Amino acid sequence: VFELIDIPLGVYSVQEVKAPEGYARATTLPNALEVTGKFDPTAVPPVVHSTIKNTPITVSFTKVDDDGSKVTTAQFTLYKAKADAQTKHETGDTVIEANFTVPAAGKTFTKLTPGTYFLVETAITGYNTLPEIRFVIDPYETKAALTVKELMNPQQPSLFDQSGNLQNTLQKGSLTIVKHDAKDK
């Protein structure tokens, strides 16, 4: 809530500079608020009421394998870094959600506050474990629906397919077949 008192009649612009934590900055504010009236020393100053709605920030991702099939068996933990300058997850980071799996429809976090986060794959069978993923939510963010891929530093190695899904590669092994005849046993 803000209030301007004893301002001259006229047209004013309002811009939200910073949204409440966990919400995107409003971009659909009225273009102008107009304060109108006639000078009357006995009148109450004109008042303009306007509602500004902030939308919660959501961050989501889905997980697929090399063939594009959904991978729902991997477990992850999401941490919020204790310091924004961190480049790797450290002891003492805040656990946002621990040991969760990603449904086929994807995983979405709501109302994450600005800061640095680490998405760490903690368990998976049959696939190579992904390196930890660092992403940052800017305090001046205006987009409400975000993906982990959009928030990552573009200089990090790409862990996503062309559709923006987090992608795992299958573990590969080797097999050696030795053939013996009846005498070699």
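These numbers were taken from a predicted model, which means no experiment stands behind them.

Definitions and cut-offs
Residues numbered from 1 in each chain as written. Predicted model: local features only at pLDDT ≥ 70, side-chain atom pairs only at ≥ 80, totals over all residues. Heavy atoms only, no water. Buried < 20%, exposed > 50% of the residue type's maximum accessible area, 1.4 Å probe, protein only. Helix = DSSP H or I, 4+ residues; strand = E, 2+ residues; numbered from the N terminus. Pairing = 2+ DSSP bridges. Core = buried A, V, L, I, M, F, W, Y, C linked by side-chain atoms within 4.5 Å. Salt bridge = Lys/Arg side-chain N within 4 Å of Asp/Glu carboxyl O. Axes fitted to C-alpha atoms, helices over the stretch in contact; angles between N-to-C directions. Phe/Tyr/Trp six-rings, centres within 6.5 Å; stacked < 30°, edge-to-face > 60°. Lys NZ or Arg CZ within 6 Å of the ring centre and 35° of its normal.

## So, the pairing of strand β5 (residues 75–80)
Where burial is concerned, most of β5 is hidden: five out of the six residues are buried. Bridge count between β5 and strand β6 (residues 94–101): five bridges; the pairing is antiparallel. Paired with Lys80 across the bridge in β6 is Thr94. In terms of strand pairing, β5 meets strand β8 (residues 115–123) through six bridges, oriented antiparallel. Considered in β8, the bridge of Gln75 is made with Ala123.

## With respect to the nonpolar core
The biggest cluster of nonpolar side chains holds 28 residues, and the ones touching the most others in it are Val59, Phe61, Phe76, Leu119, Phe135 and Leu166. Elements represented by at least two residues in this core include exactly β3 (58–61), β5, β8, β9 (133–137) and α1 (148–151). Considering each element in turn, this core owes the most residues, three residues, to β9.

## Details of the pattern of salt bridges
Pairing is possible between side chains that carry opposite charge, provided their charged atoms lie close to one another. This structure, assessed with the given rule, holds three salt bridges. For the salt bridge of Glu90 with Lys82, the shortest nitrogen-to-oxygen distance reads 3.7 Å.

## Regarding unusual backbone geometry
With phi around 45°, Asn99 is a residue other than glycine that occupies positive phi space. The residue Asn99 is located in strand β6 in this model.

## Thoughts on the sheet that holds strand β7 (residues 107–110)
With mixed pairing, three strands are arranged side by side in an open sheet as β7-β3-β10. One side of each edge strand has no neighbouring strand; the edge strands of this open sheet are β7 and β10 (145–147). Put simply, the sheet's adjacent strands are angled 25° from each other on average, direction ignored. Taken together, the three bridges between β3 and β10 define a ladder with parallel strand orientation. The partner of Ser60 across the bridge, within β10, is Thr147.

## Considerations on the sheet that holds β5
Spatially, four strands are ordered β6-β5-β8-β9 in an open sheet, and the strand pairing comes out antiparallel. Edge strands, defined here as strands with exactly one partner in the open sheet, are β6 and β9. If you compare each strand with its neighbour and ignore which way they point, the axes differ by 20° on average.

## Concerning the packing of aromatic side chains
Counting across every chain of the model gives four aromatic pairs. Arranged with centres 5.4 Å apart and planes meeting at 75°, the rings of Phe61 and Phe76 form a pair that is edge-to-face. One end of the pair, Phe61, is in strand β3; the other, Phe76, is in strand β5, and 15 residues separate them in sequence. Judged by relative accessible area, Phe61 falls into the buried class, the value being 4%. The class for Phe76 is buried, based on a relative accessible area of 1%. Three or more aromatic residues joined by ring pairs make a cluster, and in this case those are Phe61, Phe76, Phe100 and Phe109. The positively charged end of Lys107 is found above the aromatic ring belonging to Phe100, 5.0 Å away from the centroid.

This is a description of form; function is not addressed.
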